[in-house]
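Each chain, written out:
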Amino acid sequence: MSRLKVKNLTQTFVQNGSRLPVLDALNFSVDEGEFVALLGPSGCGKSTLFNIISGILAPDTGEIYLNGEQICGNTGRFAYMQQKDLLLPWRTVLRNVLVGPEIQQEPLDTAKEEAQQRLAQLGLSGFENSYPMQLSGGMRQRVALVRTLLFRKEVLLLDEPFGALDAMTRTVMQSILLDIWTEGRQTVLLITHDVEEALLLADKIYVLTARPATLKTEIPVPLPRPRNVTDTDLIHLKRELLELLQVEMSQVFNTN
Ligand SMILES: Nc1ncnc2c1ncn2[C@@H]1O[C@H](COP(=O)(O)OP(=O)(O)OP(=O)(O)O)[C@@H](O)[C@H]1O
Ligand SMILES: [Mg+2]
């Protein structure tokens, strides 16, 4: 049985009186403990897909299954790191990352200990009592990741978690995310625009078409970890992925 199954999702928005089809009969599944990356052109519907999976948005049609149970429209089943960090400006870093344990009414002493450890792991020691406005964009993103982890769910939905980071911090964060995944064996769904990031991290990559998004293809990445961007097999896969994406990008930017 799949951990997560997305069945026939269709979504159309209305913008300025016109219909905007965003998802078109999208189907895929993710196994328990699997790390899947989602790649697709900007605006194709990736964040919309996560909003639907997490129950924030109701789709026009389609179903979401978690461990075989139909959960479409239910919130609180996934740990979701949204593309915008959505930190609460009036709360300190520590109190921001404790939102999950608070909502889930967990004992705060244990949660605080885990929060301190995670903040240290992500290079945020000493900033526990700072407010989000006192942090850089990359630091805020790391706080948002800690907050997501503290929801302690079996499936993580990460929407461009490292988008605001410089290349070097990004590399460190990728390796920390791999450690976290190896240790916790959660199922991870990662949206990224970075082909190398997808190849370095994922077991499998789902490539989405230009809007309306549907599954274009599935690329397994059967390479041992830790991976290296200079590895020949990885470079071959990168070329294949870039060619697939270029076709979809040309639909968006009319570059044909
Ligand atoms: N609430 C909304 N109402 C109307 N249109 C929306 C809404 N949310 C998203 N859209 C539209 O749906 C399309 C897909 O948006 P979405 O944010 O899902 O794309 P994305 O693939 O995550 O893009 P990016 O890679 O740039 O983050 C866009 O054309 C956007 O304008
Ligand atoms: Mg998005």
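Here the structure is a predicted model, which is why all the values come from computation and not from measurement.

### A closer look at the site of ligand 1
Here is step 1 of the chain: The full set close to ligand 1 counts 14 residues, and Phe-13, Ser-42, Lys-46, Ser-47 and Thr-48 are the nearest of them.
Here is step 2 of the chain: Of all elements in the fold, only strand E1 (4–15), strand E2 (18–30) and helix H1 (46–53) reach the threshold of two or more residues within the shell around ligand 1.
Here is step 3 of the chain: By residue number, the principal contributor to the shell around ligand 1 is H1, which donates three residues.
Here is step 4 of the chain: Residue classes in the shell around ligand 1 are distributed as four nonpolar, eight polar and two charged.

### Topic: the domain arrangement of the protein chain
Here is step 1 of the chain: Along its sequence, the protein chain is carved into domain 1 (1–78 + 153–162 + 174–256) and domain 2 (86–152).
Here is step 2 of the chain: Taken together, the contact pairs six residues of domain 1 with eight residues of domain 2.
Here is step 3 of the chain: A class-by-class count of the residues in the side of domain 1 that touches domain 2 yields five nonpolar, no polar and one charged.

### Section: the sheet that holds E2
Here is step 1 of the chain: Here four strands make up an open sheet; going across it, the order is E2-E1-E4-E5 and the pairing antiparallel. Two strands in the sheet have a free side with no partner beyond their single neighbour: E2 and strand E5 (69–70).
Here is step 2 of the chain: Summarising the sheet, strand E4 (residues 61–66) and E5 pair through two bridges and their orientation is antiparallel. The residue of E5 that forms the bridge with Leu-66 is Glu-69.

Thresholds, definitions, all that
- Residues numbered from 1 in each chain as written.
- Chains lettered and ligands numbered in written order.
- Predicted model: local features only at pLDDT ≥ 70, side-chain atom pairs only at ≥ 80, totals over all residues.
- Near = placed C-beta within 6 Å.
- Helix = DSSP H or I, 4+ residues; strand = E, 2+ residues; numbered from the N terminus.
- Nonpolar A, V, L, I, M, F, W, Y, C, P; charged D, E, K, R; others polar.
- Domains from an automatic or database assignment.
- Contact = placed C-beta atoms within 7 Å.
- Pairing = 2+ DSSP bridges.

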